[in-house]
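Structural overview for review
Spelled out from the first residue to the last, the chains are:
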Amino acid sequence: MNEHLRCWSRAISLSALLWPGIGLAQMHHPHSASADTTARRRAKPAAHQHGGMTHKRMHSATHGGGMGMSRMEMGEMPMAGMYGPYAMSREASGTAWQPEAARHEGVHVMRGAWMAMLHGSADLVYDNQGGDRGGEKVFSDNMGMGMAQRSLGPGTLGLRAMLSLEPGTIGKEGYPLLLQTGETANGRTPLVDRQHPHDLFMELAGSYSVASGNRSLFIYGGLPGEPALGPPAFMHRYSGANIPVAPITHHWLDSTHITFGVLTAGAVVDRVKVEASAFRGREPDQDRWNIESPTLDSHSFRLSVNPTDHWALQASYGRIHSPEQLEPEVDQDRTTASAIYDGTFGDTGRWEGTVAWGRNRNRPGRVLDALTAEAAAALGERHVLFARAERVEKDELFLEPDPRAGQVFNVGELMAGYRFDFWRQGHVGIGIGAAGTLSQVPRGLRDVYGNTPASILVFVHAVVR
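Analysis parameters
Each chain has its residues counted from 1, running along the sequence as written. Selection of residues for local features in this predicted model requires a pLDDT of at least 70, selection of side-chain atom pairs for listing and counting requires 80 or more, and totals for whole chains, interfaces and linings are taken over all residues. The side-chain numbers reported here are obtained from all heavy atoms of the structure, hydrogens and water having been left aside. The helix count covers DSSP runs of H or I at least four residues long, the strand count covers runs of E at least two residues long, and both are numbered beginning at the N terminus. Think of it in three bands: with a 1.4 Å probe and only protein chains considered, a residue is buried below 20% of the maximum accessible area for its type, exposed above 50%, and partly exposed in between. In what follows, a contact means two residues having at least one pair of non-hydrogen atoms within 4.5 Å. Values of accessible area rely on a 1.4 Å probe in the Shrake-Rupley scheme; residue burial ignores everything except the protein chains shown. At least two DSSP bridges between two strands are needed for those strands to be called paired. When a carboxyl oxygen of Asp or Glu lies within 4 Å of a side-chain nitrogen of Lys or Arg, that pair is called a salt bridge. Method remark: on a 1 Å grid restricted to protein atoms, a set of points is classed as a cavity if a 1.4 Å probe fits but cannot get out and as a pocket if it is open with protein on both sides within 12 Å along at least five of seven lines; lining residues have an atom within 4 Å of a point. Grid points are joined across faces, edges and corners, and a volume is the space filled by probe spheres set on the points. Side-chain classes follow a simple rule in which Ala, Val, Leu, Ile, Met, Phe, Trp, Tyr, Cys and Pro form the nonpolar group, Asp, Glu, Lys and Arg form the charged group, and the remainder, Gly included, forms the polar group. Note: pLDDT gives the predictor's confidence per residue, expressed from 0 to 100. Pairs were defined over the aromatic rings of Phe, Tyr and Trp, the Trp ring being its six-membered one, requiring ring centres within 6.5 Å. Orientation was assigned from the angle between planes: stacked under 30 degrees, edge-to-face over 60, tilted for the rest. The rule for a charge over a ring is simple: NZ of Lys or CZ of Arg within 6 Å of the ring centre, and within 35 degrees of the ring normal.

A few points about the overall build of the protein chain
The number of helices and strands found in the protein chain is 7 helices and 19 strands. Per-residue burial over the protein chain gives 56% buried out of 465 residues. The contacts of the protein chain with a sequence gap of at least 6 include a subset with a gap of at least 24, amounting to 64%. Working note: accessible area of the protein chain is about 17500 Å², and carbon and sulfur atoms make up 61% of it.

What follows is the structure in structure tokens.
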């Protein structure tokens, strides 16, 4: 644990180096007189030149698809971020960044000194995974989140909460998803070809940031929370949020998004952020309704750069102690890199694409790589197209005594789908959609999976935004 706290301390020292000649005593809250001038100067072009959009168009567009937090329709200045003097639309899951041009929506409320945002979504899914190792199930993936912030002393206090009823609406055994691996349903056997549910408590976190001009320092803690490792979690990036099932590369990229015990410190200089986390390496166990005991036995570092409002780039590294409950002697070094682009087309079209790479170096064990590319496009107010392509090296597809247990197989999937949002009233929207998946398996797996197993999803989508 001392090693990880030393790494965290070094990160704080590095953050201080990014603030030449500026001490904490000299820093001002982003809404104080000096910083407010800078915020107005930066916010005005963001509101009026947002990808060529006028403020009127941006106000209308915020009622399109998406998740999380967004530019607010409160005058012409977007809601400020929790971790720095920029628009809140730059912030995604945990402390991760997405493109500032992204529209993450919610119901925005102001009560005294507090600014709050509420958001929720749910899918009712009929899932039919093809092939001999497939399965069929009706389930609901869902989540609700709330965020609040206010000025406190020289800085900004932020609170975040995210909950899910998936322990009940999906169940311990998860839902069928060909080629998926990771975690356990009963504490004795791993989940294979199934996706586990999320925990009831996905995030309960707080943060504090202090800013001066276009710079800030921040701290973040969660039980659970999300360390500085990987891109935004798949349900928080627009390119993945529209797809009602998890990516099979999840445990190479963003599986730490529910971590029981996280401390993060970071520094922001305009469009660059460096941060470090100490956190618990063990993934959630099969008891999905509780809060697990925290410990700081792992650490990570992340560099994020948003070169323009439309791009978000990140590279990160983490040393994860004993992530899998059923393999407690195996540690993992994880390296990730990703790029997200958010753009517009025509008068009302909007799309976002993500490309992400992850590498897990198991100690002891093998080095396994994963690559995912996904995109979603909103055609006006009612039509959403989405697609995802993945390739990943997996060595957990077979259990003992099968002779293929522990062997590495390069597998993949191609998915495409469509959703029609047929009803909208105030902040509530409902749509219906369908998706098809073709799983790609090597010759050595075709006796159990089939040549190219095909799967279908039919779903009803509901959102509060």
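There is more to say, and it comes next.
A closer look at the pairing of strand E4 (residues 155-163)
Where strand E3 (residues 135-152) and E4 come together, 9 bridges link them in antiparallel fashion. For leucine 152, the partnering residue across the bridge sits in E4 and is glycine 155. Connecting E3 to the antiparallel partner E4 that follows it, the hairpin turn spans 2 residues, and glycine 153 within it adopts a positive phi of roughly 60°. Pairing analysis gives 8 bridges linking E4 to strand E7 (residues 201-212), with the strands arranged antiparallel. Looking across to E7, one finds that leucine 163 is bridged to phenylalanine 201.

With respect to the pattern of salt bridges
A side chain of one charge can pair with a side chain of the opposite charge when the charged atoms of the two come close. Taken as a whole, this structure holds 26 salt bridges when the rule is applied. A salt bridge links lysine 273 to glutamate 275; the shortest N-O distance between them is 2.2 Å. Aspartate 421 is paired through a salt bridge with arginine 419; the nearest N and O atoms lie 2.7 Å apart.

Remarks on the layout of surface pockets
Of the volumes computed, that of the largest pocket is approximately 580 Å³. Those elements giving two or more residues to the lining of the largest pocket turn out to be strand E5 (175-184), strand E6 (190-195), helix H6 (250-253), strand E13 (331-345) and strand E14 (349-363). Classifying every residue of the lining of the largest pocket by side-chain character gives 12 nonpolar, 8 polar and 9 charged.

Details of the environment of glycine 213
Here glycine 213 lies in the loop between E7 and strand E8 (215-222). A relative accessible area of 28% places glycine 213 in the partly exposed class. Placed 57 residues apart in sequence, glycine 213 and aspartate 270 show a C-alpha to C-alpha distance of 8.8 Å.

Quick look at unusual backbone geometry
Residue proline 224 follows leucine 223 across a cis peptide bond; omega there is 0°. Its location among the elements puts proline 224 in the loop between E8 and helix H5 (238-241). Cis rather than trans, the peptide bond between arginine 363 and proline 364 has omega equal to 0°. Here proline 364 lies in the loop between E14 and strand E15 (367-379). The phi dihedral of aspartate 193 falls on the positive side, at around 60°, and the residue is not glycine. In this fold, aspartate 193 is placed in strand E6. Within the chain, aspartate 270 stands out as a residue other than glycine whose phi angle is a positive 55°.

Focus on the environment of asparagine 410
Along the polypeptide, asparagine 410 turns up in strand E17 (residues 409-425). Given a relative accessible area of 37%, asparagine 410 falls into the partly exposed group. Taking the C-alpha atoms as reference points, asparagine 410 and aspartate 369, separated by 41 residues in sequence, lie 9.2 Å from one another.

Details of empty space enclosed by the protein
With the rule as written, the count across this model stands at 9 cavities of 30 Å³ or more. Along the walls of the largest cavity sit 23 residues, with Asp141, Asn142, Glu166, Phe234 and Met235 positioned nearest its centre. For the lining of the largest cavity, the element with the most residues is E3, which contributes 3 residues. Its residues assigned to classes, the lining of the largest cavity shows 13 nonpolar, 7 polar and 3 charged. Counted as a void, the second largest cavity has a volume near 60 Å³. Counting residues per element, the ones that place at least two in the lining of the second largest cavity are strand E11 (298-305), strand E12 (311-320) and E13. Of all the elements, E12 adds the most residues to the lining of the second largest cavity, at 3 residues. Residues of the lining of the second largest cavity, tallied by class, amount to 7 nonpolar, 5 polar and 1 charged.

Points about the pairing of E12
Of the two faces of E12, the one holding Ala312, Gln314, Ser316, Gly318 and Ile320 is buried and the one holding Trp311, Leu313, Ala315, Tyr317 and Arg319 is not buried anywhere. Inspection of the sheet shows E11 paired to E12 by 7 bridges, in the antiparallel sense. Paired with serine 300 across the bridge in E12 is glycine 318. Here E11 hands over to E12 after 5 residues, the two strands then running antiparallel side by side. Both E12 and E13 contribute to a ladder of 10 bridges, which runs antiparallel. Looking at E13, one finds that alanine 315 is bridged to alanine 337.

A word on the confidence of the model for the protein chain
Across the protein chain, the average pLDDT comes to 87, with 83% of residues at or above 70. In this model residues 20-77 is a low-confidence stretch, pLDDT under 50, and it forms 132 contacts with partners more than four residues away in sequence or in other chains.

Section: the packing of aromatic side chains
The full count for this structure, using the stated rule, is 8 aromatic pairs. Ring plane angle 0° and centroid distance 4.2 Å describe the contact between phenylalanine 139 and tyrosine 175, whose orientation is recorded as stacked. Here the residue phenylalanine 139 occupies a position in strand E3, and tyrosine 175 occupies one in strand E5, the gap between them amounting to 36 residues. The class for tyrosine 175 is buried, based on a relative accessible area of 4%. Taken together through their ring pairs, the aromatic side chains of Tyr83, Phe218 and Tyr220 make up a single cluster. Positioned above the aromatic ring of tyrosine 86 is the side chain of arginine 90, whose terminal nitrogen or guanidinium carbon lies 4.2 Å from the ring centre. Stacked on the ring of tryptophan 97, the Lys or Arg arginine 90 has its end atom at 4.7 Å from the ring centre.

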